[in-house]
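Below, each chain spelled out in residue letters.
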Amino acid sequence: TFDVIGAFLSDILSNVIDAVTASVDNTLTVLDIAPPMHSLIIDGIFSGVGAVLSFLPTIVTLFFFLSMLEDSGYMARVAFVMDKMLRKIGLSGSSFVPMIIGFGCSVPAIMASRTLASERDRKMTIMLTPFMSCSAKLPIYGMFIAAFFPHSGGLVMLSLYLTGICVAVLSGFLLNSLVFRGKPVPFVMELPAYHWPTLGNVLRSMWERGWSFIKKAGTIILLSTIFVWFTTYFGWVDGTFQMLSEDQIDSSILAKIGNLIAWIFIPLGWGNWQAVVASITGLVAKENIVGTLGVLYGGGDGSVYQNIAAAFNGISGYSFLVFNLLCAPCFAAIGAIKREMNSQKWTWF
């Protein structure tokens, strides 16, 4: 997914997006479109949404293989095999299914926990599921791997997935010991027969998940990148509110917001306002982080990846990935937690 098929297809799509962006840029220049509108289309929409869409092949490839595992009857056996291991942290094997779904998206994973028989198991599963590395985080991983770890992408990606799983296990031990004391309910399930995956089912599942990602890019992420573009390219200079040039972005509205809280993140190695505001926009949707960085680092000389490589180093870049893996999930997932927990207290917790 990450080194062979997905990377190859993502490179092709990135080249197509770059070519379309250049063509639109030339057309807008020929038509003498007003500079603010020109900047919004190129520096805002194309840089932000284009950066996110370039990772669509990686996500579709992952969903293709996951769909094959699901359709073959393998996932049910994983839940059965994992029962013994999960009981050590106070959960039954049935909790593994929502966690596996969490590798796709936390929202349906959290909703899937309602099928668990015990309220204790349900609450614990909901608390641990957001640590799984959902597909919305894949574009973030892909962007930083391209910038810092181009020759060890698979290893870095695996380490992030394992980090999420290890933190979930550790959190499970703590929750089982301190908060949700008791034993999980017995796990009983009927195993379906193994069978060859049906191509139609696999393609349908892949299409539905991929189309969901495209719709999010065309709505939430589009609106977010327009907001980020406006707050990045407008600000006060000498007491006058105006559109800023590339070298004046440090005076922008977004820079002032980011600088207020950037000092908190200095111990993590990336106390620059660009990284901080990107993480904040990630609370709306995790893919927004890529869109925001595409807008903030897309201007000037060099590619987005070169500009990111200049702002981070390998260790601080990896730190940024781990932070966004483990911090609060997106608003949609938080909303799902509120709905399933039916409790303000547990949602904040």
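As shown above, the structure is provided for reference.
Everything numeric here is computed off the predicted structure, so don't read it as measured data.

Calculation rules
Residues numbered from 1 in each chain as written. Predicted model: local features only at pLDDT ≥ 70, side-chain atom pairs only at ≥ 80, totals over all residues. Heavy atoms only, no water. Helix = DSSP H or I, 4+ residues; strand = E, 2+ residues; numbered from the N terminus. Buried < 20%, exposed > 50% of the residue type's maximum accessible area, 1.4 Å probe, protein only. Contact = heavy atoms within 4.5 Å. Lys, Arg positive; Asp, Glu negative; His and termini not counted. Charge placed at Lys NZ, Arg CZ, Asp CG, Glu CD. Expected span 1.5 Å × (residues − 1). 1 Å grid on protein atoms, 1.4 Å probe; cavity = no way out; pocket = protein on both sides within 12 Å on 5 of 7 lines; lining within 4 Å. Points joined across faces, edges and corners; volume = space filled by probe spheres on them. Nonpolar A, V, L, I, M, F, W, Y, C, P; charged D, E, K, R; others polar. Axes fitted to C-alpha atoms, helices over the stretch in contact; angles between N-to-C directions. Parallel < 35°, antiparallel > 145°, perpendicular 65-115°, else oblique. Phe/Tyr/Trp six-rings, centres within 6.5 Å; stacked < 30°, edge-to-face > 60°. Pairing = 2+ DSSP bridges.

Trainee: Sorry if this is basic, but what is going on with the overall build of the protein chain here?
Mentor: Along its length, the protein chain carries 18 helices and 2 strands. The principal-axis extents of the C-alpha atoms in the protein chain amount to approximately 70 × 45 × 35 Å. Looking at the 349 residues of the protein chain, the share that counts as buried comes to 50%. Considering only contacts within the protein chain whose residues lie at least 6 apart along the sequence, 71% involve residues at least 24 apart. The protein chain carries 20 positive and 20 negative side-chain charges, and their two centres are separated by 22 Å.

Trainee: How do you make sense of helix H3 (residues 56-71) when you look at a structure like this?
Mentor: Three- or four-residue spacings in an α-helix give side chains the same orientation, since the helix completes a turn every 3.6 residues. With 16 residues, H3 extends 22 Å from end C-alpha to end C-alpha; this agrees with the ideal 22 Å at 1.5 Å per step. Along H3, the residues classified as buried are Leu56, Pro57, Thr58, Ile59, Thr61, Leu62, Phe63, Leu66, Ser67 and Asp71. Residues of H3 that are buried in the fold lie against helix H1 (5-30), helix H2 (35-53), helix H4 (74-87), helix H8 (138-148), helix H9 (153-178) and helix H10 (199-218). Note on H3: the residue one or two positions beyond its end, Gly73, has a positive phi of about 90°.

Trainee: Explain the layout of surface pockets here, please?
Mentor: The probe, sized like a water molecule, is rolled over the atoms to show the empty space still left. Taken as a whole, the largest pocket spans an internal volume of roughly 870 Å³. Forming the walls of the largest pocket are 35 residues, and the residues nearest its centre are Ser14, Ser54, Phe55, Ala146 and Tyr305. Residue contributions to the lining of the largest pocket peak at 10 residues, all from H1. The residue makeup of the lining of the largest pocket, split by class, is 16 nonpolar, 14 polar and 5 charged. For the lining of the second largest pocket, the secondary structure elements donating two or more residues are helix H7 (119-128), H9, helix H17 (331-341) and helix H18 (344-348). A class-by-class count of the residues in the lining of the second largest pocket yields 15 nonpolar, 4 polar and 1 charged.

Trainee: Sorry if this is basic, but what is going on with the environment of Glu287 here?
Mentor: Residue placement: Glu287 occurs in the loop between helix H13 (273-281) and helix H14 (288-297). When near neighbours in sequence (up to four residues on either side) are disregarded, Glu287 contacts Val52, Ala136, Pro139, Phe213, Lys216 and Ile221.

Trainee: How do you make sense of the environment of Phe64 when you look at a structure like this?
Mentor: Among the structural elements, Phe64 can be located in helix H3. For the pair Phe64 and Arg204, spaced 140 residues apart in sequence, the C-alpha separation works out to 9.5 Å. Residues in contact with Phe64, not counting those within four places in the same chain, are Val202, Leu203 and Met206.

Trainee: Would you explain the packing of H8 against helix H16 (residues 314-326) in this entry?
Mentor: Pairs of packed helices are described in terms of their axes, by the angle between the two and the distance that separates them. In the contact formed by H8 and H16, the axes pass within 10 Å of each other and the chain directions differ by 175°. Taken together, the axis directions place H8 and H16 in an arrangement best described as roughly antiparallel. Across the interface between the two elements, Ile140, Tyr141, Phe144 and Phe148 of H8 pack against Gly314, Gly317, Phe320, Leu321 and Leu325 of H16. A breakdown of the residues in the contact of H8 with H16 according to their chemical character gives 7 nonpolar, 2 polar and no charged.

Trainee: I'm lost on the packing of aromatic side chains in this one. Help?
Mentor: Within a pair of aromatic rings, the relevant descriptors are the distance that separates the centres and the angle that separates the planes. By the definition in use, this model includes 20 aromatic pairs. Considering the side-chain rings of Phe144 and Phe312, the 5.2 Å spacing of their centres and the 80° angle between planes classify their relative orientation as edge-to-face. With a gap of 168 residues between them, Phe144 in helix H8 and Phe312 in the loop between helix H15 (304-311) and H16 connect regions that are remote in the sequence. Judged on exposure class, the residue Phe144 and its partner Phe312 are both buried.

Trainee: Explanation requested: the pairing of strand E2 (residues 240-243) in the structure shown.
Mentor: Consecutive side chains of a regular strand alternate in pointing toward one face of the sheet and then the other. Two elements, strand E1 (residues 234-237) and E2, share 4 bridges in a ladder whose sense is antiparallel. Among the inter-strand pairings, Val237 is bridged to a residue of E2, identified as Thr240. The antiparallel pairing of E1 with E2 creates a hairpin that spans 2 residues between the two strands, and Asp238 there sits at a positive phi of about 55°.

Trainee: How do you make sense of helix H11 (residues 220-233) when you look at a structure like this?
Mentor: Taking 1.5 Å per residue, 14 residues should reach 20 Å; H11 reaches 20 Å between its end C-alpha atoms and fits that length. Of all the positions in H11, only Ile221, Ser224, Thr225, Val228, Trp229, Thr231, Thr232 and Tyr233 are classed as buried.

Trainee: Sorry if this is basic, but what is going on with unusual backbone geometry here?
Mentor: Note: most peptide bonds trans; most residues except glycine with negative phi. Unlike most non-glycine residues, Asp238 shows phi in positive territory, near 55°. Counting through the fold element by element, Asp238 comes out in the loop between E1 and E2. Given the relative accessible area of 77%, Asp238 is considered exposed.

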